[in-house]
Amino acid sequence: MDLIEKLTKYGQTHLLDDTLPAAEREAYYRLLDSFDYELLRRRPSLPERGKIEPVEPVTQAEIARARAEYLAEGKRAVGSGEVAAVLLAGGQGTRLGADGPKGTVDIGITRPLYIFGQLIENLKGTCEVCGAFVPLFVMTSAENDEITRAFFKRHAFFGYPESFVRFFVQEMLPSVDFEGKILLQGRGKPVLSPNGNGGWYRSLTKADVLRDFPAVRWLNVFAVDNVLQRIADPLFVGATLLSGCACGAKVVPKASPEERVGVLCLEDGLPSVIEYYELSPQMANARERDGRLTYGSGVILNYLFSRSKLETIADKEIPVHIVKKKIPYMNERGEFIIPAEENGYKFETLILDMVRLAGSCLPFEVVREREFAPIKNRTGKDSIESARALLEFNGVKL
Ligand code: UTP
């Protein structure tokens, strides 16, 4: 099908612009031709779920008992270069609304302490314990790639060896208005946004960053915004490897039934992360005899995936989530509009959906106050303020 036919079929002919200079037009039409228009036709819907049942995590008490065994296996694996870390830093951080990538935000008080810098400090802690540097792959987006690389360079990689760090860029998807028409941000420029954190492995393999690290068998993927994140944590690595599972997920006991975190469950007998809004009030409030929430294993976006499993699931269909957002755009009169209300949809895949595809997962319970200090909002809950308090509690000088 040629482009005009395609755009006509999908009601997107408003994108055609023959007044653009030839070279620009050619690149623009090539980009338009690459879009998956069937995907862009989809509308938000809750995923159809199978039978949901609770899952028992490996509790902190169990971990304490098996500590020596887990640590020995984890140190062996990390120490021999079998584990790499993947820092997901391609998000737009709209809730925080910082100028620039989230990782570049300074959360220090008496000294500069950048989020990226704190994460590297955490990673160095692992390297010291395991006696080896861990390869670190940083996923950026087309929007923030250059500035992120420059930031690491300017700060001399926060003392981490540059030869162990690689950057790779995630893919972008167009955004549409409520009628499904692709929005433009300027002439010949569709509004593109990062395709969510579920495409990380595809983008990583496309960039071929594993080439220089052939020993890597496991990938520890984590979010940029949890400054207490333990990276390539040998205890977690050891537990997951010894469990025989294809992946491990760090979980914290949910603080309350209302807490807005995904919960690790079983879905039709397979591990699966259910979003907080998918749990019925009965399920969210159900408790065990000892008072623990039945559906209480909250995920903190720290997963360990086996590389060979990732290779087999990479091409499986990962669900696409469609989210209403306020999307700045150019109207038919060529004016740039910053909408006050939500005006369209963005399309994204989520890493939590990979847990189900992996087929088996070890839920590994960690101490919230020691490992979970997310920075999502400007103030209040999960903000710079709350993360600072938790960093201080863990002995970090701010
Ligand atoms: P969030 O879902 O919190 O998204 O990302 P965000 O973009 O940082 O913030 P909001 O929702 O716009 O306020 C969780 C993790 O996934 C990464 C983020 O950088 C963060 O580490 N992420 C998210 C990506 O790498 N790419 C994406 O497309 C989305």
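Before reading further, recall that the structure is shown in the block above.
Below or above, wherever it landed, is the structure these notes cover.

So, how was this worked out
Residues numbered from 1 in each chain as written. Predicted model: local features only at pLDDT ≥ 70, side-chain atom pairs only at ≥ 80, totals over all residues. Heavy atoms only, no water. Buried < 20%, exposed > 50% of the residue type's maximum accessible area, 1.4 Å probe, protein only. Helix = DSSP H or I, 4+ residues; strand = E, 2+ residues; numbered from the N terminus. Pairing = 2+ DSSP bridges. Near = heavy atom within 4 Å. Polar contact = N/O pair within 3.5 Å; in protein donor to acceptor, adjacent residues only side chain to side chain. Areas by Shrake-Rupley, 256 points an atom, 1.4 Å probe, with all protein chains shown as cover. Salt bridge = Lys/Arg side-chain N within 4 Å of Asp/Glu carboxyl O. Contact = heavy atoms within 4.5 Å. Axes fitted to C-alpha atoms, helices over the stretch in contact; angles between N-to-C directions. Parallel < 35°, antiparallel > 145°, perpendicular 65-115°, else oblique. Nonpolar A, V, L, I, M, F, W, Y, C, P; charged D, E, K, R; others polar. Arc of directions from axis to C-beta. Core = buried A, V, L, I, M, F, W, Y, C linked by side-chain atoms within 4.5 Å. Phe/Tyr/Trp six-rings, centres within 6.5 Å; stacked < 30°, edge-to-face > 60°. Expected span 1.5 Å × (residues − 1).

Observations regarding the pairing of strand β11 (residues 247-253)
Consideration 1: Most of β11 is tucked away: six of the seven residues are buried.
Consideration 2: Taken together, the six bridges between β11 and strand β14 (residues 297-306) define a ladder with antiparallel strand orientation. By the bridge assignment for β14, Gly248 is matched with Leu304.
Consideration 3: Here β11 runs beside strand β19 (residues 361-365); their pairing, made up of five bridges, is parallel.

Comments concerning the sheet that holds strand β6 (residues 176-177)
Consideration 1: Pairing is antiparallel across the open sheet formed by three strands, whose spatial order is β6-β18-β15. With partners counted over all chains shown, the strands left at the sheet margins are β6 and β15 (321-325), one partner each.
Consideration 2: In terms of strand pairing, β15 meets strand β18 (residues 344-348) through five bridges, oriented antiparallel. Paired with Ile322 across the strands is Phe347, a residue of β18.

Considering the site of the ligand
Consideration 1: Close contacts around the ligand come from 19 residues, with Leu88, Gln92, Thr94, Gln170 and Lys376 the closest.
Consideration 2: Within the side chain of Gln170, one N or O atom sits 2.6 Å away from a nitrogen atom of the ligand.
Consideration 3: Protein contacts shield 86% of the accessible area of the ligand, which totals 560 Å² for the unbound molecule.

Brief notes about the pattern of salt bridges
Consideration 1: Taken as a whole and assessed by the stated rule, the structure comprises 29 salt bridges.
Consideration 2: The salt bridge partner of Lys6 is Asp33, with a shortest N-O separation of 2.9 Å. One end of the pair, Lys6, is in helix α1 (residues 3-9); the other, Asp33, is in helix α2 (residues 22-34), and 27 residues separate them in sequence.
Consideration 3: Take Asp33: its relative accessible area is 36%, and that puts it in the partly exposed class.
Consideration 4: Across the pair Asp225 and Lys102 runs a salt bridge, and its minimum N-O distance is 2.8 Å. Taken as a pair, Asp225 in the loop between β10 (218-223) and α8 (234-243) and Lys102 in the loop between β2 (83-88) and α5 (115-130) lie far apart in primary sequence, 123 residues in all. Comparing Asp225 with Lys102, the two get one shared label, buried.
Consideration 5: Counted as one network, the salt bridges with shared partners bring together Arg49, Glu267, Glu278 and Arg356.

Some details on the environment of Asp177
Consideration 1: Along the polypeptide, Asp177 turns up in strand β6.
Consideration 2: Asp177 sits 85 residues away from Gln92 along the chain, and the two C-alpha atoms are 19 Å apart.
Consideration 3: Apart from residues lying up to four places away in sequence, Asp177 is in contact with Leu183, Asn343, Gly344 and Tyr345.
Consideration 4: From its side chain, Asp177 meets the backbone nitrogen of Glu179 in a polar contact 2.8 Å long.

With respect to the packing of helix α4 (residues 60-79) against α5
Consideration 1: For the pair α4 and α5, interaxial distance at closest approach is 9 Å and the crossing angle is 100 degrees. For the element pair α4 / α5, the angle class is roughly perpendicular. Seen from α4, the contacting residues are Lys75, Val78 and Gly79; seen from α5, they are Thr126, Val129 and Cys130.
Consideration 2: Split by residue class, the contact of α4 with α5 holds three nonpolar, two polar and one charged.

Quick look at helix α6 (residues 145-154)
Consideration 1: The complete set of buried residues in α6 reads Asp145, Thr148, Phe151 and Phe152. On an axial view of α6, the arc spanned by its buried residues comes to 130 degrees, and they lie on one face. Of the exposed residues in α6, the ones pointing more than 90 degrees away from its buried face are Glu146, Lys153 and Arg154.
Consideration 2: On its buried face, α6 sits against α5, β3 (136-140) and β4 (165-169).
Consideration 3: Immediately downstream of α6, the backbone of Ala156 shows phi near 50 degrees, a positive value.

Considering the nonpolar core
Proteins that are soluble and globular tend to have nonpolar side chains buried together.
Consideration 1: Counting residues in hydrophobic clusters, the biggest one holds 59 residues, and the most contacted among them are Leu87, Ile107 and Phe364.
Consideration 2: Among the elements that make up this core, the one with the highest residue count is α5 (seven residues).
Consideration 3: Leu87 has contacts with Phe116, Leu119, Leu136, Phe137, Val138, Met139, Phe222, Ala223 and Val224, leaving out every residue within four places of it along the chain.
Consideration 4: Counting 37 residues, the second-largest nonpolar core is a separate cluster that includes Phe168, Tyr201, Leu352 and Ala358.

What about the side chain of Ser383?
Consideration 1: On the secondary structure map, Ser383 appears in the loop between α12 (368-371) and α13 (384-393).
Consideration 2: Not counting chain neighbours up to four residues away, the residues in contact with Ser383 comprise Pro374, Ile375, Asn377 and Arg378.

Overview of the packing of aromatic side chains
Aromatic ring pairs: the centre-centre distance and the angle between the two ring planes describe each pair.
Consideration 1: Evaluation of the coordinates by the stated rule reveals 21 aromatic pairs.
Consideration 2: Taken together, the ring pairs in this structure connect Tyr114, Phe116, Phe151, Phe152, Phe157, Phe158 and Phe167 into an aromatic cluster.

A word on the side chain of Asp225
Consideration 1: Given a relative accessible area of 7%, Asp225 falls into the buried group.
Consideration 2: A distance of 2.8 Å separates polar atoms of two side chains, one belonging to Asp225 and the other to Lys102.
Consideration 3: At 2.9 Å, the side chain of Asp225 and the side chain of Lys376 are in polar contact.
Consideration 4: Among all residues touching Asp225, those that are not within four sequence positions of it are Lys102, Ala373, Pro374, Ile375 and Lys376.

Concerning α5
Consideration 1: Between the first and last C-alpha of α5 there are 23 Å, a value that for 16 residues agrees with the 22 Å anticipated at 1.5 Å per step.
Consideration 2: Within α5 the residues assigned to the buried category are Ile115, Phe116, Gly117, Gln118, Leu119, Ile120, Asn122, Leu123, Thr126, Cys127 and Cys130.
Consideration 3: Positive phi shows up at Gly131, right after α5, with a value of about 70 degrees.

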